[in-house]
Amino acid sequence: GQQLNQSPQSMFIQEGEDVSMNCTSSSIFNTWLWYKQDPGEGPVLLIALYKAGELTSNGRLTAQFGITRKDSFLNISASIPSDVGIYFCAGQLTEYGNKLVFGAGTILRVKS
Amino acid sequence: DTEVTQTPKHLVMGMTNKKSLKCEQHMGHRAMYWYKQKAKKPPELMFVYSYEKLSINESVPSRFSPECPNSSLLNLHLHALQPEDSALYLCASSLYLSYEQYFGPGTRLTVT
C-alpha cells in the first residue's frame, strides 16, 4: 500500500528558531495536506496543496508540493511555544479512493 | 466557518453497553468520515459516507455501526466493544471526496 515517510520523528524547538519537516513517498499524490494536532484535540488543517511545485504560506507556515508529486515540506519560521504539538502530513489521490494516507507525525517539543 | 462538532467529548462504557457518537457539520459538505486514533499515531480511516451513502468500510468490526441520517449528521453506534477499542474517535468532513478534510475535536472513548 501507499506509505509516507515523515521526518524527523521528533524535534525540540527553542523560541525564535525556524523549523522544517518533510514527507516523502514512492507513490505520487495530487493533494498534500498538513495538519497540526494538540493533545486531546482533533487535527487542524494548516495548509492544503493541489499543484506540483506549489508553494503556499499561512502566516509563519510555508509548505511546498514537490515537483515530482512524491514529497512535501513544511517550514515554521520564528517558532513560538504554542507551535508544540504533533504535525501530520497526508497525501491524497483519486486513484486511491481519495483516502488520506498519513505520515507517522513529527512531534515538536520545547527545549527546556 | 470550518467547524465540525462531536458529542460527547468523553465517553466511558462497559463492554455490554450500547452507546452512540454524534458528529455534525453545517458547511454543506457532502462527504463525512469516521477515524480511530491511538495515542501519538495518525488517524486510521474507518468509514466514508458520500451523499449520505456508505462509500468505504475499512473492514471495521460489526460492533461499530455507522449511520448518516442526513447530509449534516453522522453517527457511530457502538455495541459490545472491547477494551482495545479505547481510542480517540474523530469525525471529519469535506466538500466532496477529493477535497481537503476538516476534523472535529474527537470523542475520547474508554471501554472498561
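Residues numbered from 1 in each chain as written. Chains lettered and ligands numbered in written order. Predicted model: local features only at pLDDT ≥ 70, side-chain atom pairs only at ≥ 80, totals over all residues. Heavy atoms only, no water.

**Quick notes on the interface of chain B and chain A**
Across the boundary between the two partners, chain B contributes 22 residues, which contact 21 residues of chain A. Interface area for chain B against chain A, summed over the two sides, is near 1600 Å², with a carbon-plus-sulfur share of 58%. On the chain B side of the interface with chain A, the three residues burying the most area are Lys40(B), Glu100(B) and Phe103(B), jointly 28% of the side's total. Where chain B meets chain A, there are 2 salt bridges. (Contact = heavy atoms within 4.5 Å. Buried area = accessible area lost by both parts, 1.4 Å probe. Salt bridge = Lys/Arg side-chain N within 4 Å of Asp/Glu carboxyl O.)

**Some thoughts on a nonpolar patch on the surface**
A cluster of nonpolar side chains, contributed by Tyr51(B), Leu95(B), Tyr96(B) and Tyr99(B), occupies part of the molecular surface with about 370 Å² of accessible area. Residue class for Tyr99(B) comes out partly exposed when judged on its relative accessible area of 38%. (Patch = residues over 30% accessible without salt bridge, like charges linked within 9 Å, V, L, I, M, F, W, Y side chains within 5 Å. Areas by Shrake-Rupley, 256 points an atom, 1.4 Å probe, with all protein chains shown as cover. Buried < 20%, exposed > 50% of the residue type's maximum accessible area, 1.4 Å probe, protein only.)

**Considering the pattern of salt bridges**
Residues and elements named next belong to chain A. Here the structure, examined in full by the defined rule, presents 7 salt bridges over all chains. A salt bridge links Lys111 to Glu17; the nearest nitrogen and oxygen atoms lie 3.6 Å apart. Here Lys111 is found in the segment after strand E11 (106-110), whereas its partner Glu17 is found in the loop between strand E2 (10-13) and strand E3 (19-24), with 94 residues between them in sequence. A relative accessible area of 38% means that Lys111 is categorised as partly exposed. In this structure Glu17 comes out as partly exposed when scored by relative accessible area, which is 28%. We note a salt bridge from Arg60 to Asp83, for which the minimum N-O separation is 2.9 Å. Remark: Asp83 occurs in the loop between strand E8 (71-76) and strand E9 (85-92) and Arg60 occurs in the loop between strand E6 (55-58) and strand E7 (61-65); sequence separation between them is 23 residues. (Helix = DSSP H or I, 4+ residues; strand = E, 2+ residues; numbered from the N terminus.)

**Here's the deal with the side chain of Ser86(B)**
Residues and elements named next belong to chain B. Relative to the helices and strands, Ser86 is located in the loop between strand E8 (73-79) and strand E9 (87-94). Within the structure, Ser86 has its side chain in polar contact with the backbone oxygen of Pro83 (distance 2.9 Å). In this structure, Ser86 is in contact with Lys38, Leu109, Thr110 and Val111, ignoring residues within four places of it in sequence. (Polar contact = N/O pair within 3.5 Å; in protein donor to acceptor, adjacent residues only side chain to side chain.)

**Considerations on the sheet that holds strand E3 (residues 18-25) of chain B**
All names here are of chain B. Ordered in space as E1-E3-E8-E7, the 4 strands form an open sheet in which the pairing is antiparallel. Since the sheet does not close on itself, it has two edges, and those belong to strand E1 (4-7) and strand E7 (64-70), each with one partner. Geometrically, the sheet is characterised by an average inter-axis angle of 20° between neighbouring strands, direction not taken into account. Alignment of E3 against E8, held across 7 bridges, turns out to be antiparallel. Along E8, the bridge assignment pairs Lys22 with Asn75. (Pairing = 2+ DSSP bridges. Axes fitted to C-alpha atoms, helices over the stretch in contact; angles between N-to-C directions.)

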